[in-house]
Amino acid sequence: MFRSRLDLSPQAADEAARLVSEDELVMAEALDRPGDGRAFLCARALTRRVLGWVLDRHPAGIEFCRTEHGRLALVDREVCFSVSYAEGELLVAVSRKSEVGVDIHDSEVTYNEDLHLALTEGEMRLLRRLSPSARQMFFLGLWARKEAVLRAVGYGLRVPPDEVDVLLEDGKGTVAVPLPHGGGVIEVHVRDLPSGRETVAAVAAAGAVTGLHAWTFTPHVGAALWNAG
């Protein structure tokens, strides 16, 4: 698990534009909200740097593709990975053994009653017991877990999120995920990640988990282990 500050300065954006693919430049141009294109390019470039460090390759040699279900992957599939970013922070989950998912959210995502469609009945009952001021971060925590889990199984929102219960004790556990088209049920390991006061994050793995090693990554420097468990 890698955590890095996402530099969105003009200099960082210029460096990112030289590192990403032509297709990614086009994708960035198509994003509507001001700043989204720059954040997308900087995140893609930083992800290449993280994976380059893991695989001992130059970042420019990291090639991405899309799986049949649309998830981002390495062309050579040497490792499985997942990426999420918010509030100037980028998370990259990496595994050599199983598919992984990661998600981080900030308070820009505002809870409202329309979002109850994403929750199971049990999650909704618990949320409604909370004060209005507490519901926002509680919902974000649930949504981060769901996103991480659904990314780990590789189907994303093809799996209805209201069918995936992510209420956990102590912020970690195993979640049962029903696969589309009668594909059965898969168990996914998920746990919350330490985050800032206005953000929540979670990581998940669709296979056996022997431990979580958390690294802080600095571009042009490398990674330093800051936690293992």
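Structure: above.
Here, residues in each chain are numbered from 1, in the same order as that chain's written sequence. Owing to the predicted nature of the model, reporting of local features is limited to residues with pLDDT of at least 70; listing and counting of side-chain atom pairs is limited to 80 or more, with chain, interface and lining totals taken over all residues. Side-chain numbers here rest on the full set of heavy atoms in the structure, without hydrogens or water.

Draft legend 1. Here's a closer look at the overall build of the chain. Per the convention used, a helix needs a DSSP run of H or I reaching at least four residues, while a strand needs a run of E reaching at least two, with both numbered from the N terminus. Helix and strand counts for the chain come out as five helices and 11 strands. Two things to know: the radius of gyration comes from C-alpha atoms, and the globule rule equals 2.2 Å times the number of residues to the power 0.38. Computed over its C-alpha atoms, the radius of gyration of the chain comes to 18 Å, within 12% of the 17 Å expected for a compact globule of 229 residues. In terms of overall dimensions, the chain has C-alpha extents of about 50 × 35 × 35 Å along its principal axes. Each of the 229 residues in the chain was classed as buried or not, and the buried ones make up 45%. About 12,100 Å² of surface is accessible on the chain, with carbon and sulfur atoms providing 52% of the total. Counted as positive: Lys and Arg. Counted as negative: Asp and Glu. His and the chain ends are not counted at all. To locate a charge, take NZ of a lysine, CZ of an arginine, CG of an aspartate or CD of a glutamate. The distance from the centre of the 25 positive side-chain charges to the centre of the 33 negative ones in the chain is 3 Å. Residue burial is assigned from relative accessible area. The probe radius is 1.4 Å, only protein chains are included, and a residue is buried under 20% of its type maximum, exposed over 50%, and partly exposed in between. Under the convention used here, a 1.4 Å probe and the Shrake-Rupley method define accessible areas, while residue burial counts only the protein chains that appear.

Draft legend 2. Representation of the environment of R71 within the structure. When you line up the elements, R71 lands in the loop between β2 (64-66) and β3 (72-74). Between the alpha carbons of R71 and P178 there is a distance of 18 Å; along the sequence they are 107 residues apart. Those residues in contact with R71 that lie beyond four places of it in its chain are C65, R66, F81, S82, E99, V100, R151, A152 and G154. Two N or O atoms form a polar contact when they lie within 3.5 Å of each other; inside protein one atom must be a possible hydrogen donor and the other a possible acceptor, and for residues adjacent in sequence the pair counts only when both atoms belong to side chains. Within the structure, R71 has its side chain in polar contact with the side chain of E99 (distance 3.5 Å). At a separation of 2.9 Å, a polar atom in the side chain of R71 contacts the main-chain carbonyl oxygen of V100. Contact criterion: two residues are considered in contact whenever any of their non-hydrogen atoms come within 4.5 Å of each other.

Draft legend 3. Spotlight on the nonpolar core. Residues grouped as a nonpolar core are buried Ala, Val, Leu, Ile, Met, Phe, Trp, Tyr and Cys residues, joined through side-chain atoms within 4.5 Å. In this structure, V149, V164, V175, V177, V188, V190 and A204 are the most contacted members of the largest nonpolar core, which totals 25 residues. Of all the secondary-structure elements, those providing two or more residues to this core are α4 (121-128), α5 (132-153), β7 (172-178), β8 (185-193) and β9 (199-205). A total of 10 residues in this core trace back to one element, the largest contributor, which is α5. Look past the residues within four positions of V177 in its chain and what remains in contact with it is V149, L150, V153, V159, V164, G184, V185, I186 and V188.

Draft legend 4. View of the state of the cysteines. The rule for a disulfide is simple: a pair of cysteine sulfur atoms within 2.5 Å. Counting across every chain of the model gives zero disulfides. In this structure C65 is a free cysteine whose sulfur lies 11 Å from that of C80, the closest cysteine sulfur available.

Draft legend 5. Local environment of the pairing of strand β1 (residues 2-5). In the sheet, β1 pairs with strand β5 (residues 89-95) via four bridges, with the strands oriented antiparallel. Counted as the bridge partner of F2 is V92 from β5. Any two strands with at least two DSSP bridges between them are considered paired. Bridge count between β1 and strand β10 (residues 213-218): two bridges; the pairing is parallel. Looking across to β10, one finds that F2 is bridged to W215.

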